Amino acid sequence: MTNKNGIIALTIVIALISVYNLSFTFVSRNFKSKAIAYATDAKGEVDMTKKQHYIDSLWREDVYLGHTLQEVTERELNLGLDLQGGMHVVLEVAPADILKGMAGGNARSAAFQNALKKAGEDKSANNSTFINRFVSAYKEAAPNTSLASVFATSANRGKINSNSSDSDVIKMLKTEIDGSIDRAFQITQARIDKFGVTNPNIQRLPGQNRVLVELPGVDNPERVRRLLSGAAKLEFAEVYLTQELGAGLEGLGRYLTQQAEIEKAAKKSGPAAASADTAATDTTKKSTAGGLAAQLEKKSDSTATDSAALAAQSAALTSLFVPMPQGLGVYLKDTARASEILRRPEVRSLFPADLVFMWDRKGTEAGGNQLILPLYFIKKSNGEAAMEGDVIVDATHDYDDRGRPEVTMRMNGEGARKWRSLTARSVGRPVAIIIDNLVYTAPTVQGEIPNGNSSITGSFTVEETKDMANVLKAGKLPAPTHIVEEAVVGSSLGAEAINDGLWSSAVGLLIVLVFMVAYYNQAGWIADIALLINLFFLLGVMASLGAVLTLSGIAGIVLSIGMAVDANVLIYESIKTELAEGKPFAQSIRDGFKHSLTAIIDSNVTTLLTGIILYTFGTGLVLGFATTLVLGLLTSLFSAIFITRLLLEQKLKNGKTFAFATNLTKNWFKDNHFDFVSQRRRFYIISGIIIAIGVGSFIFKGFGLGIDFKGGRSYVLRFENNVDADALRTNMDEVLGSTTEVKTFGGQDQVKITTPYLIEDTTPEADQKAEAKILEATKKIANNPAKIVSSNKVGPTMAKDTLWSAVYAVLLALAANFVYIFIRFKRVAFSYGAVMSLAHDVVIILAIFSLFNGWLPWSLDIDQAFIGAILTMIGYSMNDTVVIYDRIRDYLADEKSRGQNLSTVINNALNSTLSRTAVTGISVILVLIVLMIFGGAVIRGFTFCMLLGVIVGTYSSLFVAAPIVVDLLQRSKKNEPVPAVAAEATAPTAAKKVKA
């Protein structure tokens, strides 16, 4: 083995990187356990506020190898929503709303309204943008009307005018829509900060007007819907200066001093005083609140002149609050405590009635990894700010006369009047720009601004001014965000998913390890060690890349382990062939690795292509599966090719040999003479009959489409006792007034309900109403209460886009594999054979899902999970087919085959691959059966599809793909000697009859 020392060094480096990155997971879990222990009372109940306070207190503190708890948490191997509970939301900015706002009064015309409607309903132009569809529809409705006559309003002055061309107007519209999506993204980011969620995931979906949000651990879906939906509220408000609040801040210092004395006394007096302290600090039950407030309001001369008391008050105040130019700030770790204190009635009474406390949207670095969050004293009369953002006409990023980045904004007539009054009374004072009760910036007014045209300057970067301009435009257009897809997973369901996932992983891995030893004897132990190292590397790579581990990801890990067996099987079968030819043991190992390399690379590249397509097009369950599948393929290749060889050569150091088979398995698949080719028409007929039955089922029965593809709402309900699904369906239909699908889901006490009820309504109230109706229907079943443990919602437009994406993904996978096979084998016959067998597999799987839908005790819906399984099946089937094609190519290039009939040569090649096909197939099937049993109801249909795919894919590789190659080759040169086939990678083994 060349570069042995380099491989050893690389292995050590990867191992150290894996240990280092996985260590963050253990440290983070340890601190979370400590937080739970700290917040757990004598009754075993966890106070979530105390838990969060514990975490906040260490959030910016160094806790591990110079990393803060925040950094440690961000670098841990994160669990997906299906493993820890939480909420997944896809928000959409409706382009129709933006166009209406930009057209102003012109949006009321019949042509405009009809064009908007047609643009939204046109499903045939799926690749076209909404703007292009709208323009096409509008030109059809009003052919002699220019777009400028519709959109050249006062709101768009400076961008277009009445003489602007249609192309200029279209460009402006696209720019505004992109800007609206960017604003929605920024505002959503700010809103997410309110949830206090660890490691939220927010991203703008590429090429779409949608934003993806994932909030682990969220247990209040109604609050999430309410805060994430709707247009942002932009406000301009006056700000109290610190010196104007001297009396209130002095009173706050006295209050904090007294609280500190209470806490000190509690520590000295023990449990009794501690209970009194708890009562004193309870914001809802304070028997002393009124008296304390009265004491603070007294102007005691002795207190005022007592320097020691003043020093104590100042110390108490600065122990929590930090003086800042705009007012006060609070260290991030103390914000929860500060917010709670500022909400107390006795503290609120110290300040003016029109004062509102507001936090800055982002913190200020204070050194030592500490972050200070500024606190503003906002003036709101009767809860209303001086101005709201609907007066903004435009805002842009610009540069001042010194070349510094600035923001310019323009207001309408009403806004100009209000802005003149506000700036006149605020000269030399800050004016806060607020969105959703968070202060984005508070520039100081330099002078009265009479015409509504203003500029905001300061120490800004270009990116900051661009962001600020987007924020100021948030109130300009009526473009609220709508939730078009939503999934809620309860924490209890997540805990069960973890348990199911761990069991399936452990049992699946154990079965594979045992099977390898049972089949390959001592060599099986070496393969097992390589597989375990592969698993360790896979988890380490996932942690280092920040990948999220989901339930489907666990399935991907287990399946990748099963498929990793394939590379070891190819190597071992090749070594066994070399040994059978009488070569020395050491040389057999070297040659076995060399001769199996081509098949290993070809088969894994095809699976990798499919995995990349899955990753590109998939979301949710499919994306989690694709991530671990792709990474697992890479780590398994490294482990099989390098780690296995290192371990084998280490065993050879002392000159010892070892067995590659047991007494039971040594003669398996030896001297096979099955005639695949002559029986091909029989198998064509069998496949044709199945396909014909399937097509009939497609026509007369159809498919059970999941909500991913048809839209709707689905809920998983858990009852205390077993429930009759038919009776529940009747109740649901009566209450919801629509056809409801009710299926048993993972047990007789749990059901999955799918309904189109209120799916067109995107308001949060509709979600609450739907859940209430679902629970109302369950109450008709006596003495069997139920609760919703998870829910999912997909809007019609989202469903349509998802369906088209799935179709493109499958077609792209077929095309990519066609091209790769042609490049590697240089004959179109091989590409046709491979793609036709894949199409055969897909149709048969669809036939089974159509025929047996409603008959099996798990979901056979066609959804994103099904598409992921189909693509995985394509990868596995292609893997199998490529190995067989590689063997056929070798046999066709072998001089010994020159005088033989084509059918004979291909039969010999197929028989020589049976051992590899059987061992790999059995390993993967065993793993998938384990996933079916232990993986849980969520992925059972997904796993069933993959199990069918492995069985059908193995069948088609032997009885469809290879025979098609025979037919196509014979069509051009019937009964002639075997044609020469490009075999650039097989020259070293041209003299071989059998290789791995």
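For the structure itself, consult the block above.
Because the structure is predicted, anything quoted here is derived from the model rather than measured.

Trainee: Looking at this structure, how should I read the overall build of the protein chain?
Mentor: Of regular secondary structure, the protein chain possesses 34 helices and 24 strands. Of all 996 residues assigned to the protein chain, the portion counted as buried reaches 53%. The long-range fraction of contacts in the protein chain, counting pairs at least 24 apart against all pairs at least 6 apart in sequence, stands at 75%. A total of about 43,100 Å² of accessible surface is found on the protein chain, and carbon and sulfur atoms cover 57% of it.

Trainee: Explain the packing of helix α5 (residues 95-103) against helix α7 (residues 130-141) here, please?
Mentor: In a packed pair of helices, the relevant descriptors are the angle between the two axes and the axis-to-axis distance. At a closest axis distance of 10 Å, the pairing of α5 and α7 adopts a crossing angle of 55°. Looking at the two axes, α5 sits oblique to α7. The element α5 and its partner α7 pack so that their crossing is right-handed. Where α5 approaches α7, its residues Pro95, Ala96 and Leu99 are matched on the opposing element by Phe130, Ile131 and Phe134.

Trainee: Honestly, the sheet that holds strand β6 (residues 210-216) in this entry has me stumped. Any pointers?
Mentor: Pairing between sheet strands relies on hydrogen bonds along the backbone, with the strands arranged either parallel or antiparallel. Taken in spatial order, the eight strands line up as β5-β6-β4-β19-β24-β21-β23-β22 in an open sheet, and their pairing is antiparallel. Only two strands of the sheet have a single partner each, and these edge strands are β5 (201-204) and β22 (741-744). Put simply, the sheet's adjacent strands are angled 20° from each other on average, direction ignored. Where strand β21 (residues 712-719) and strand β24 (residues 786-794) come together, eight bridges link them in antiparallel fashion. Across the sheet, residue Leu717 finds its bridge partner in β24, namely Ile788. The strands touched by helix α10 (residues 221-228) within the sheet are β4 (86-93), β6, β19 (481-489) and β24, with β4 carrying the most contacts at an inclination of about 20°. The strands touched by helix α27 (residues 725-736) are β21, β22 and β23 (750-755); relative to β22, the strand with the most contacts, the crossing angle is about 155°.

Trainee: Help me understand a nonpolar patch on the surface, please; the structure alone is not making it clear to me.
Mentor: A surface patch of nonpolar side chains, amounting to about 650 Å² of accessible area, comprises Ile685, Ile689, Ile693, Leu851, Phe852 and Trp855. It is helix α25 (residues 680-700) that provides the largest number of residues to the nonpolar patch, a total of three residues. With respect to the helices, strands and loops of the structure, Phe852 is situated in the loop between α30 (828-851) and α31 (864-893). Taking the relative accessible area as the measure of exposure, Phe852 reaches 40% and is therefore partly exposed.

Trainee: Looking at this model, I keep getting lost on the packing of aromatic side chains. Mind explaining?
Mentor: Any aromatic ring pair is given by two values, namely how distant the centres are and how the planes are angled relative to each other. Going through the model one piece at a time under the given rule, you end up with 29 aromatic pairs. For the pair Phe683 and Phe959, a centre-to-centre distance of 4.1 Å together with 35° between the ring planes defines the contact as tilted. Residue Phe683 is located in helix α25, and its partner Phe959 is located in helix α34 (residues 940-972); the two are separated by 276 residues in the primary sequence. One exposure class covers both Phe683 and Phe959, and it is buried. A ring pair is formed by Phe830 and Tyr885, whose centres lie 4.9 Å apart and whose planes are at 80°; its orientation type is edge-to-face. Highlighted residues: Phe830 in helix α30 and Tyr885 in helix α31, separated in sequence by 55 residues. Residue Phe830 is classed as buried on the basis of its relative accessible area of 0%. By relative accessible area, which is 0% here, Tyr885 ends up buried. Through pairs of rings, three or more aromatic residues link up here, namely Phe674, Phe676, Phe683, Tyr955 and Phe959. Lying over the aromatic face of Phe593, Arg645 brings its terminal NZ or CZ to 5.3 Å of the ring centre.

Trainee: Is there a simple way to think about the sheet that holds strand β14 (residues 392-399) in this case?
Mentor: If you walk across this open sheet you meet the three strands as β14-β15-β18, and the pairing is antiparallel. At either margin of the open sheet sits one strand with a lone partner, and together these are β14 and β18 (453-456). Ignoring strand direction, the axes of neighbouring strands in this sheet form an average angle of 20°. By the bridge criterion, seven bridges tie β14 to strand β15 (residues 405-411) in an arrangement that is antiparallel. When the bridges of β15 are listed, Tyr399 appears paired with Pro405. Across the sheet, helix α18 (residues 413-424) lies against β15 and β18, angled at about 115° from β15, the strand it touches most. Along the sheet, helix α19 (residues 462-472) contacts β14, β15 and β18; its crossing angle with β14, the most-contacted strand, is approximately 175°.

Trainee: Explanation requested: the nonpolar core in the structure shown.
Mentor: Burial of nonpolar side chains together is a common tendency in soluble globular proteins. In terms of nonpolar packing, the biggest core is built from 69 residues, with Ile845, Phe849, Ile870, Ile874, Tyr885 and Ile888 touching the most fellow members. Contributing elements (two or more residues each) for this core: α23 (585-617), α24 (621-652), α29 (796-825), α30, α31, α32 (902-912), α33 (914-934) and α34. Ranked by residues supplied to this core, first place goes to α31 with 16 residues. Ile870 has contacts with Val810, Val842, Ile845 and Cys945, leaving out every residue within four places of it along the chain.

Trainee: Looking at this structure, I do not really get the environment of Pro443. What am I missing?
Mentor: Here Pro443 lies in the loop between β17 (438-441) and β18. For the pair Pro443 and Ile456, spaced 13 residues apart in sequence, the C-alpha to C-alpha distance is 6.8 Å. With sequence-adjacent residues up to four places away left out, Pro443 is seen in contact with Arg429, Pro430, Val431, Ile433 and Ile456.

Trainee: What is the right way to read the pairing of β4 from this model?
Mentor: Across a regular strand the side chains alternate sides, sitting on one face of the sheet and then on the other. With eight of its eight residues buried, β4 lies for the most part within the structure. Alternating positions in β4 separate into two faces, Gly86, His88, Val90 and Glu92 on one and Met87, Val89, Leu91 and Val93 on the other, with burial throughout. One ladder, built from seven bridges, connects β4 with β6; its direction is antiparallel. Paired with Gly86 across the two strands is Pro216, which belongs to β6. Bridge count for β4 against β19 is eight bridges, and the pairing is antiparallel. Counted as the bridge partner of Leu91 is Ile483 from β19.

Rules used in this analysis
Residues numbered from 1 in each chain as written. Predicted model: local features only at pLDDT ≥ 70, side-chain atom pairs only at ≥ 80, totals over all residues. Heavy atoms only, no water. Helix = DSSP H or I, 4+ residues; strand = E, 2+ residues; numbered from the N terminus. Buried < 20%, exposed > 50% of the residue type's maximum accessible area, 1.4 Å probe, protein only. Contact = heavy atoms within 4.5 Å. Areas by Shrake-Rupley, 256 points an atom, 1.4 Å probe, with all protein chains shown as cover. Axes fitted to C-alpha atoms, helices over the stretch in contact; angles between N-to-C directions. Parallel < 35°, antiparallel > 145°, perpendicular 65-115°, else oblique. Left-handed = near helix turned anticlockwise from the far one by under 90°. Pairing = 2+ DSSP bridges. Patch = residues over 30% accessible without salt bridge, like charges linked within 9 Å, V, L, I, M, F, W, Y side chains within 5 Å. Salt bridge = Lys/Arg side-chain N within 4 Å of Asp/Glu carboxyl O. Phe/Tyr/Trp six-rings, centres within 6.5 Å; stacked < 30°, edge-to-face > 60°. Lys NZ or Arg CZ within 6 Å of the ring centre and 35° of its normal. Core = buried A, V, L, I, M, F, W, Y, C linked by side-chain atoms within 4.5 Å.

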